[in-house]
Amino acid sequence: MSDISQKHTDVLEALAAASKRGKQTELPTLVAVSKVQPDGRIADMLATGQRVYGENRVQEAQTRWGETFADHRAAGLELRLIGPLQTNKAADAIALFDVIETVDREKLLKALVKAVGDDGTMPRLYVQVNTGEEEQKSGVLPADLPAFLKVMRETYGLEPEGLMCIPPADEAASPHFWLLSNLAEDNGVKGLSMGMSGDFEIATEMGATSVRVGSALFGARDYKA
Ligand SMILES: *Cc1c(COP(=O)(O)O)cnc(C)c1O
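If you're wondering where the values come from, they're calculated on a predicted model, not measured in any experiment.

## A short note on the overall build of the protein chain
Right, so step 1: Summing up its helical and strand segments, the protein chain has 10 helices and eight strands in all.
Right, so step 2: Over its C-alpha trace the protein chain gives a radius of gyration of 17 Å, about what one expects of a compact globule, namely 17 Å for 225 residues.
Right, so step 3: Dimensions of the protein chain along its principal axes, counting C-alpha atoms only, are 50 × 40 × 35 Å.
Right, so step 4: Taken over 225 residues, the protein chain has a buried fraction of 47%.
Right, so step 5: Considering only residue pairs separated by 6 or more positions, the protein chain has 59% of its internal contacts joining residues 24 or more positions apart.
Right, so step 6: Surface accessibility of the protein chain: about 11,000 Å² in total, with carbon and sulfur atoms responsible for 49%.

Encoded structure:
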């Protein structure tokens, strides 16, 4: 077994155990966050049969999944954008991603609808919520979420598959997961994308429907390489 294969098995087992503790009827979707990881690790992960991948940057994802691993992509992987999206990249993002998890402003909704046009397919969408109300972080503020969802649904005709959050790095994550799941319930949204390497088990116990796991699956990211 490769090191990556072992990590993948370990994470899946932890996910299944947490899902059971949380009395979930369905296992959350495991999104393998492949940003910055070297090709060798990605190839090992693909060999495990892992089918859902998350990326932070449109351009990096285009190189990885549109060129290096284009054959795998064509064979039906699911790709998710989990980093901020600029409006001028909306068309590129629609062409590449099956899911965009970082919808957070009306300008972006407008750009997405325009880029899809009349006959394109809109990716499945998540609304990112800035649960920690951090100045530097993107996401809709919790208090603004009902109005944002109303505009998304009524003005743009788009139904979100879920809500997504990235808790502040220096705080316990569970109050943020709690807040996100309450916001989802209050606003009639089903999906919850929450939990990363350090806290995907807690997130799963609290009802996550998808978890975004990078370093626990691939090993640490080397930003200098
Ligand atoms: C990088 C990233 C992750 C994965 O982080 P790990 O701690 O390596 O699991 C998850 N979600 C988002 C939005 C990220 O940017």
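From this point, the discussion proceeds with the structure in view.
## A look at the pattern of salt bridges
Right, so step 1: Counted by the stated rule, this structure contains 13 salt bridges.
Right, so step 2: Two residues, Arg64 and Glu55, come together in a salt bridge whose shortest N-O distance is 2.8 Å. No difference in accessibility class separates Arg64 from Glu55, as the two residues are buried.
Right, so step 3: Across the salt bridge formed by Glu60 and Arg64, the nearest N and O atoms sit 3.0 Å from each other. Taken as a pair, Glu60 and Arg64 lie in helix 3 (residues 58-68) at a separation of four residues, close to a single helical turn.

## Considering the nonpolar core
Right, so step 1: Among the nonpolar cores identified, the biggest contains 57 residues, and Tyr53, Trp65, Phe97, Ile100, Leu112 and Leu163 are the most heavily contacted of them.
Right, so step 2: The leading source of residues in this core is helix 6 (residues 106-116), at five residues.
Right, so step 3: If near-sequence neighbours (up to four positions away) are discounted, Ile100 is found in contact with Leu81, Leu85, Ala93, Leu112, Pro123, Arg124, Leu125 and Tyr126.

## Remarks on the pairing of strand 2 (residues 52-55)
Right, so step 1: What you see with strand 2 is no split at all: Val52 and Gly54 on one side and Tyr53 and Glu55 on the other are buried throughout.
Right, so step 2: Relative to strand 2, strand 1 (residues 29-33) runs parallel, the two sharing two bridges. In the strand pairing of strand 2, Ala32 is matched with Tyr53.
Right, so step 3: Of the crossover connections in this fold, the one passing from strand 1 over helix 2 (residues 39-47) to the parallel strand 2 is right-handed.
Right, so step 4: In the sheet, strand 2 pairs with strand 3 (residues 78-81) via four bridges, with the strands oriented parallel. Along strand 3, the bridge assignment pairs Gly54 with Arg80.

Thresholds applied
- Residues numbered from 1 in each chain as written.
- Predicted model: local features only at pLDDT ≥ 70, side-chain atom pairs only at ≥ 80, totals over all residues.
- Heavy atoms only, no water.
- Helix = DSSP H or I, 4+ residues; strand = E, 2+ residues; numbered from the N terminus.
- Rg over C-alpha atoms; globule rule 2.2 N^0.38 Å.
- Buried < 20%, exposed > 50% of the residue type's maximum accessible area, 1.4 Å probe, protein only.
- Contact = heavy atoms within 4.5 Å.
- Areas by Shrake-Rupley, 256 points an atom, 1.4 Å probe, with all protein chains shown as cover.
- Salt bridge = Lys/Arg side-chain N within 4 Å of Asp/Glu carboxyl O.
- Core = buried A, V, L, I, M, F, W, Y, C linked by side-chain atoms within 4.5 Å.
- Pairing = 2+ DSSP bridges.
- Right-handed = clockwise from strand over helix to strand, strands pointing away.

Interpretation in functional terms is not warranted from these geometric data alone.
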